[in-house]
Protein chains: 2
Amino acid sequence: MSEVRQKAEQAGQAVAVLNRLTTAQKNEALLASAEALVRSTDAILAANEEDLQRGRDNGTSSSMLDRLALTSERIEGIAEGLRQIAELPDPVGDVLETLDRPNGLHIVKRRVPLGVIGIVYEARPNVTVDAMGLCLKTGNAVVLRGGSSALSSNRKIVEVIHGALEGTQVPVNAVQLIEDPKRASVDEMLKLNGLLDVVIPRGGNSLIQTVVQNATVPVIETGAGICHTYLDATADPVMAADIALNAKVQRPSVCNSMETLLVHEDFAENHLTELANRFKEAGVELRASEAARGLISWAVPATDEDFATEYNDYILNVKIVRNLDEAMAHIARYGTKHSECIVTQDAANAERFQQEVDAAAVYHNASTRFTDGYEFGFGAEIGISTQKLHARGPMGLAALTSSKYIVQGNGQIRQ
Amino acid sequence: MSEVRQKAEQAGQAVAVLNRLTTAQKNEALLASAEALVRSTDAILAANEEDLQRGRDNGTSSSMLDRLALTSERIEGIAEGLRQIAELPDPVGDVLETLDRPNGLHIVKRRVPLGVIGIVYEARPNVTVDAMGLCLKTGNAVVLRGGSSALSSNRKIVEVIHGALEGTQVPVNAVQLIEDPKRASVDEMLKLNGLLDVVIPRGGNSLIQTVVQNATVPVIETGAGICHTYLDATADPVMAADIALNAKVQRPSVCNSMETLLVHEDFAENHLTELANRFKEAGVELRASEAARGLISWAVPATDEDFATEYNDYILNVKIVRNLDEAMAHIARYGTKHSECIVTQDAANAERFQQEVDAAAVYHNASTRFTDGYEFGFGAEIGISTQKLHARGPMGLAALTSSKYIVQGNGQIRQ
């Protein structure tokens, strides 16, 4: 039997036990894991150094090495993440619906764990712990498949967590790490219907597409964001500039940052030149539609491909539109249904935009950068869903649960 | 451009309009479609006769021909289904959650249509109307791909519905029928990411597996049910027999009927012989474990494969178990997580069973045959989900919706 199948089956064996655990027992395991990680800092750093050395030998880029690198501060931060997950309310067991039928059947729809969750991710050892913590808190077993260049780090981290779980009610089998570095082990995971209840990719667009294109197991698609901010004719110019700048430059590398600024022609006429200069000062390269270049002569022309690109960088498309409809049509064509914003003082326009734009989060007069589990108050997130099934937008703990109908009868049979 | 892609794009063009419709406008379209179908009975029956004739020429089985056949009564029944859907509450627009953040952001999570739903089904013309009705009621566009042997019927039905929609606010584009009879058109549908938000298979296990194995679009898996009834030591013998017989013979062909009866050894000793005779009288063939054959000498031996088979027929496996744990272990091994039942007077055993058995619906002292949208009070169902994402168990209208976060700010930016 392959490593992947064997470990998925072992994870499955933990499901019944996880189902019976109390919130306190799960929290105890999270806290024990946090403590063990901090206590094992030296061993984890030594393992991490093996990965880093291999990366340097292979000419890995410095930004990739930075994602891979652990320090004692980062390990403390990772442990703190587990402690925060322990503090969160446990959604498992919540009653979602109660149905009393005329025939006397009493039906309760109750939140339950999903079962076994597969996580496919890149060379970021922090995801190993974070994903494990969110899955355990919700009573799920987890099969982790991280990037092979973080294998030494991940192996040590999981070894430490297994050691911590030994002293708790959570079975060690609940946390599985796939060590096979070959791409085939990912492909195998993606087709483990019956053993994995869901696979969640965490990483860049190419990883996500690999998972979406190859999985037969249900997937929660996360990630890609081509987000727009539309400055309407009546937008407050100060607010508009603050929101647009924040959406682009507060952290350009993330999915909820803005890629294209849409500007009503009236607003543009009065304010675009000044706003463009502020972007320039912030180090942002502008790519502009023809009309916009009339006001921002130094901007390069924006192509159709530019409008369809998630830069995640200090680059911004600017387009002048005649009205709300043209703005919404642009978003419908190029958006990825992640986060979209209108800045306006016109309540009717705001309402139409929020009603008609099809995205996980639609903002009026606030930066798209708020699409985030912490900012929404969920306390932690496994990712931001860009699909419409199961969960949409920032996913808190509840996104890692399913439901079950508990039906109580006294002899009912169907006529 | 292929027919499939072209029609999916046309369906997509209807989405924005559908989003704006009121419940009354959607209901009007449903009622107009119902009326038009009844009014066009003769034309639909003539088209159906073409399909039936082709089927007879091709040697199609009589049970398949029966599923395919329409009569004026069946058309009236199909139209009545649409009228009932019109009566149901519209879930779109419901507020699911309200979040007020410390920074003043006001976030409302609202129910919205999924967008464009693909339905892949077999040669049952009633599904064409039923799926269309459920999708329209929830503001979704639908791309229908029915079995090619019902093509004439489906084409006429959709033509009639398009005619009815002409006079309403629902765009004709909202209902698309794929006419290409080749299997390749199904394969193409299953990979239309970005154009279809979800695909739902409706039909037998082989159709469902084709969809699950080949789709890159999110799927809601419906269907297969290997359901168990466990008669515990303290089960009331009359209730136990009534529930077990009902679960098997009230309608053996459906997914929530029982395939395996598990019997505690104490209950078996006193009651199994008599119960077996009642199954025999009802025309059920029994396949029994070795211990059970000691009490039912005429039963054939049950194989491992039998326990893993969804008969959907007058065949039942019987197995004697020593205790609750053995019953639950059997269900964990062979069940499909659909519907499971315990009959017992022991409240602690009932609670453990309902807590620990992993299935969409877990019954205490009632027949598994109740797992059904109508019986749960949802009024209609698009199917019974056997996966754990998005929807589990009978799916009412809400299962055909997603959600969206509407975020209201007054200039908030992220620090």
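Residues numbered from 1 in each chain as written. Chains lettered and ligands numbered in written order. Predicted model: local features only at pLDDT ≥ 70, side-chain atom pairs only at ≥ 80, totals over all residues. Heavy atoms only, no water.

Visitor: Mind laying out the overall build of chain A, listing which residues take part and the relevant values?
Guide: Helix and strand content of chain A: 15 helices and 16 strands. The C-alpha atoms of chain A give 24 Å as radius of gyration, which agrees with the globular expectation for 415 residues (22 Å, within 12%). In terms of overall dimensions, chain A has C-alpha extents of about 70 × 70 × 35 Å along its principal axes. Sequence separation of 24 or more characterises 71% of the internal contacts of chain A that already satisfy a separation of 6 or more. Roughly 15,700 Å² of accessible area belongs to chain A as shown, and the carbon and sulfur atoms make up 47% of that amount. Computed over 39 positive and 54 negative side-chain charges, the inter-centroid distance for chain A is 6 Å. (Helix = DSSP H or I, 4+ residues; strand = E, 2+ residues; numbered from the N terminus. Rg over C-alpha atoms; globule rule 2.2 N^0.38 Å. Contact = heavy atoms within 4.5 Å. Areas by Shrake-Rupley, 256 points an atom, 1.4 Å probe, with all protein chains shown as cover. Lys, Arg positive; Asp, Glu negative; His and termini not counted. Charge placed at Lys NZ, Arg CZ, Asp CG, Glu CD.)

Visitor: Let's hear about the interface of chain B and chain A: which residues, and what values?
Guide: Between chain B and chain A, the contact holds 71 residues from the first and 70 residues from the second. In total, about 5,900 Å² of surface goes out of reach between chain B and chain A, with carbon and sulfur atoms giving 50% of it. On inspection of chain B and its partner chain A, the count reaches 8 salt bridges. In this structure, D372(B) and R414(A) form a salt bridge, with 3.4 Å as the shortest nitrogen-oxygen distance. Between the two partners, chain B and chain A, sit 49 residue pairs in polar contact (both at pLDDT 80 or more). With 11 residues, the single largest contributor to the side of chain B that touches chain A is strand β16 (residues 401-412) of chain B. Of the residues contributing to the side of chain B that touches chain A, the split by class is 30 nonpolar, 26 polar and 15 charged. With 5 bridges joining them, strand β16 (residues 401-412) of chain A and strand β13 (residues 361-366) of chain B adopt parallel strand pairing. Looking at the pairing, V407(A) lines up with Y363(B) of β13(B). (Buried area = accessible area lost by both parts, 1.4 Å probe. Salt bridge = Lys/Arg side-chain N within 4 Å of Asp/Glu carboxyl O. Polar contact = N/O pair within 3.5 Å; in protein donor to acceptor, adjacent residues only side chain to side chain. Nonpolar A, V, L, I, M, F, W, Y, C, P; charged D, E, K, R; others polar. Pairing = 2+ DSSP bridges.)

Visitor: Hey, could you go over the domain arrangement of chain A for me, with residue numbers and the actual values?
Guide: Quite often, the size of an interface is put as the accessible area lost when its parts meet. Taken domain by domain, chain A consists of domain 1 (3-221 + 391-408) and domain 2 (227-370). Using only C-alpha atoms to locate each centre, domain 1 of chain A and domain 2 of chain A end up separated by 36 Å. (Domains from an automatic or database assignment.)

Visitor: An account of the packing of aromatic side chains is needed here, citing residue identities and associated values.
Guide: Tallied over the entire structure, the rule returns 8 aromatic pairs over all chains. Relative to F378(A), the ring of F376(A) has its centre 6.0 Å away and its plane inclined at 70°; by these criteria the two rings are edge-to-face. Taken together, F376(A), F378(A) and Y405(B) form an aromatic cluster joined through their ring pairs. Its guanidinium or amino end placed over the ring of W298(A), K280(A) lies 4.5 Å from that ring's centre, counting from NZ or CZ. A cation over an aromatic ring shows up here: K319(A) above the ring of F307(A), its NZ or CZ 5.7 Å from the ring centre. (Phe/Tyr/Trp six-rings, centres within 6.5 Å; stacked < 30°, edge-to-face > 60°. Lys NZ or Arg CZ within 6 Å of the ring centre and 35° of its normal.)

Visitor: Summarise the relation of the copies chain B and chain A; cite the residues concerned and give the values.
Guide: Taken as rigid bodies, chain B and chain A are interconverted by a rotation of 180° and an axial shift of 0.0 Å, the fit giving an RMSD of 0.0 Å. What the superposition gives is, in effect, a two-fold axis relating one chain to the other. Residues of chain B ranked by C-alpha distance from the rotation axis are headed by H390(B), positioned 1.7 Å from it. A symmetric contact is evident, with 99% of the interface residues of chain B recurring at the interface of chain A. (Least-squares fit on C-alpha atoms with pLDDT ≥ 70 in both.)

Visitor: How would you explain the nonpolar core if you had to name every residue and give the values?
Guide: Membership of the largest hydrophobic core comes to 74 residues, with the highest contact counts inside it found for L37(A), I119(A), L136(A), L144(A) and L196(A). It is helix α6 (residues 125-137) of chain A that contributes the most residues to this core, 7 residues altogether. Setting aside its immediate chain neighbours within four residues, L136(A) contacts L18(A), K26(A), L30(A), L165(A), V170(A), A174(A) and V175(A). Core analysis: the second largest hydrophobic core is formed by 73 residues, A86(B), L114(B), V120(B) and V127(B) among them. (Core = buried A, V, L, I, M, F, W, Y, C linked by side-chain atoms within 4.5 Å. Buried < 20%, exposed > 50% of the residue type's maximum accessible area, 1.4 Å probe, protein only.)

Visitor: Could you give me a rundown of the packing of helix α2 (residues 23-39) of chain A against helix α7 (residues 151-166) of chain A, with the residues and numbers involved?
Guide: Residue and element names in this part refer to chain A. Taken N-terminus to C-terminus, the directions of α2 and α7 make an angle of 130°; their axes are 8 Å apart at the nearest point. When the axes of α2 and α7 are compared, the pair comes out oblique. For α2 against α7, the interelement crossing comes out right-handed. Here A29, A32, S33, A36 and L37 of α2 come into contact with α7, specifically with I157, V160, I161, A164 and L165. (Axes fitted to C-alpha atoms, helices over the stretch in contact; angles between N-to-C directions. Parallel < 35°, antiparallel > 145°, perpendicular 65-115°, else oblique. Left-handed = near helix turned anticlockwise from the far one by under 90°.)

Visitor: I'd like to hear about the environment of Q387(B), residue by residue, with values.
Guide: Here Q387(B) is to be found in the loop between β14 (383-385) and β15 (393-395). Each C-alpha atom, one on Q387(B) and one on E269(B), is 37 Å from the other, the two residues being 118 residues apart in sequence. Setting aside residues up to four positions removed in sequence, Q387(B) forms contacts with P218(A), V219(B), I220(B), E221(B) and R392(B). A polar atom in the side chain of Q387(B) sits 3.0 Å from the backbone nitrogen of E221(B).

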